[in-house]
Amino acid sequence: KTVFLAKRPHIPFAKAPVGVGDLITGVFTASLIKGMAIGKAFKHVNNAVYGVLKETAEQQAWELETIAAQQEFVDPSHDFEIIKVLYLYLFNLFYL
């Protein structure tokens, strides 16, 4: 098991957008189903969700602008790196 760290710029919102956790879960799950490795899927989610959030902020909306930003799911407009922080060798000892 591996732990990754993702960093991206903060986007301020007057009202917090709704559904971000659902969006992350959906895009990550879809990426895994499509056969992406976990690290690649995590990076794709970070980049795609950032693009959706940026579009949402530009529209001054609080509901996610997933239709306006739909290309982000296919080809994210940003490419933030992720960092492999830790390999959990003992993970199985604690979570079996």
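Cut-offs and rules
Residues numbered from 1 in each chain as written. Predicted model: local features only at pLDDT ≥ 70, side-chain atom pairs only at ≥ 80, totals over all residues. Heavy atoms only, no water. Core = buried A, V, L, I, M, F, W, Y, C linked by side-chain atoms within 4.5 Å. Buried < 20%, exposed > 50% of the residue type's maximum accessible area, 1.4 Å probe, protein only. Helix = DSSP H or I, 4+ residues; strand = E, 2+ residues; numbered from the N terminus. Contact = heavy atoms within 4.5 Å. Expected span 1.5 Å × (residues − 1). Arc of directions from axis to C-beta.

Colleague: Please give an account of the nonpolar core that cites residues and values.
Modeller: Core analysis: the biggest nonpolar cluster contains 11 residues, these being Ile11, Leu23, Val27, Val45, Val49, Tyr50, Val52, Leu53, Leu64, Ala69 and Phe80. Counting residues per element, the ones that place at least two in this core are helix H1 (20-33) and helix H2 (38-58). Among the elements that take part in this core, H2 stands out by supplying five residues, more than any other. What Leu64 contacts, discounting residues up to four positions off in sequence, is Pro17, Val18, Gly19, Val20, Leu23, Val52, Leu53 and Thr56.

Colleague: Run through H2, naming residues and quoting values.
Modeller: When the terminal C-alpha atoms of H2 are compared, their 30 Å separation across 21 residues agrees well with the 30 Å that a helix rising 1.5 Å per residue should span. Residue Gln60 follows H2 closely and has a positive phi angle near 55°.

Colleague: Lay out the environment of Phe13 with the relevant residues and their values.
Modeller: Within the secondary structure layout, Phe13 lies in the loop between strand E1 (2-6) and H1. Sequence separation between Phe13 and Ala57 is 44 residues, and the spatial gap between their C-alpha atoms is 6.5 Å. Apart from residues no more than four positions distant in its own chain, Phe13 is found in contact with Leu53, Thr56, Ala57 and Ala61.

Colleague: Outline H1, listing residues and values.
Modeller: Taking 1.5 Å per residue as the helical rise, H1 with its 14 residues ought to reach 20 Å, and the 20 Å between its terminal C-alpha atoms agrees with that figure. Where H1 is concerned, the buried positions are Leu23, Val27 and Ser31. What you see down the axis of H1 is that its buried residues fit within an arc of 60°, all on one side. Of the exposed residues in H1, those oriented more than 90 degrees away from the buried face are Asp22 and Ile33. Looking at the buried residues of H1, the elements they touch are H2 and helix H3 (71-74). Phi turns positive one or two residues past the end of H1, at Gly35, with a value near 100°.

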